[in-house]
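# Structural description and commentary
What follows is the residue order along each chain.
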Amino acid sequence: AGKARFACNYIIVFHTLFPRYNLLAVSNHMGRLGGGHYTANVLHSPTNQWLNFNDSYVSNASEDQSVSPSAYVLVYVRDTEDWFPHPVSSAMDTN
């Protein structure tokens, strides 16, 4: 019983000291310091699909395309059971 308790305590401490994070969005900057162009890649969590926002255009993007040398700001969310938003259809379900 002592070993199982130690292992359980270690797992709790490990996850507390070394939390995991999921990448949720990337802001990209192309250009120079004085000017340039910004785009954003965002994970649409209900469908697990990456989207690219470029001015008034939105297109699908791959996970590999979402992290590039142009990355300027990375947005992470702590990996917990409740961080992942619920799909719109289930959130609006009244049953």
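Here goes a summary of the coordinates provided. (Residues numbered from 1 in each chain as written. Predicted model: local features only at pLDDT ≥ 70, side-chain atom pairs only at ≥ 80, totals over all residues. Heavy atoms only, no water.)

## As for the environment of P19
Looking at the element boundaries, P19 is found in the loop between helix 1 (2-17) and strand 1 (21-32). Each C-alpha atom of the pair P19 and T80 lies 8.9 Å from the other, and the pair is 61 residues apart in sequence. (Helix = DSSP H or I, 4+ residues; strand = E, 2+ residues; numbered from the N terminus.)

## Topic: a nonpolar patch on the surface
Among the surface-exposed residues, Y38, Y72, V73 and V75 lie close enough to one another that they form a single nonpolar patch of about 400 Å² accessible area. Examined against the element boundaries, V73 turns out to sit in strand 5 (residues 71-78). (Patch = residues over 30% accessible without salt bridge, like charges linked within 9 Å, V, L, I, M, F, W, Y side chains within 5 Å. Areas by Shrake-Rupley, 256 points an atom, 1.4 Å probe, with all protein chains shown as cover. Salt bridge = Lys/Arg side-chain N within 4 Å of Asp/Glu carboxyl O.)

## Structural notes on the sheet that holds strand 4 (residues 57-61)
A sheet is described by the order of its strands in space; here five strands give the open sequence 4-3-2-1-5, paired in antiparallel fashion. Edge positions in the sheet fall to strand 4 and strand 5, since each has one partner strand and no second. The average angle at which neighbouring strand axes cross in this sheet is 20 degrees, direction not considered. Examined bridge by bridge, strand 3 (residues 49-54) and strand 4 share five bridges and lie antiparallel to one another. Bridging from a neighbouring strand, N52 pairs with S59 of strand 4. (Pairing = 2+ DSSP bridges. Axes fitted to C-alpha atoms, helices over the stretch in contact; angles between N-to-C directions.)

## Digging into unusual backbone geometry
One can expect most non-glycine residues to show negative phi and most peptide bonds to be in trans. Residue N48 is not a glycine yet carries a positive backbone phi of 60 degrees. Considering the arrangement of structural elements, one finds N48 in the loop between strand 2 (35-44) and strand 3. For N48, a relative accessible area of 55% translates into the label exposed. (Buried < 20%, exposed > 50% of the residue type's maximum accessible area, 1.4 Å probe, protein only.)

## Observations regarding the environment of N52
Along the chain, N52 falls in strand 3. Expressed as a C-alpha distance, the spacing of N52 and N41, which sit 11 residues apart in the sequence, is 4.4 Å. Setting aside chain neighbours within four positions, we find N52 in contact with T39, A40, N41, Y57, V58, S59 and A61. A polar side-chain atom of N52 sits 2.6 Å from a polar atom in the side chain of N41. (Contact = heavy atoms within 4.5 Å. Polar contact = N/O pair within 3.5 Å; in protein donor to acceptor, adjacent residues only side chain to side chain.)

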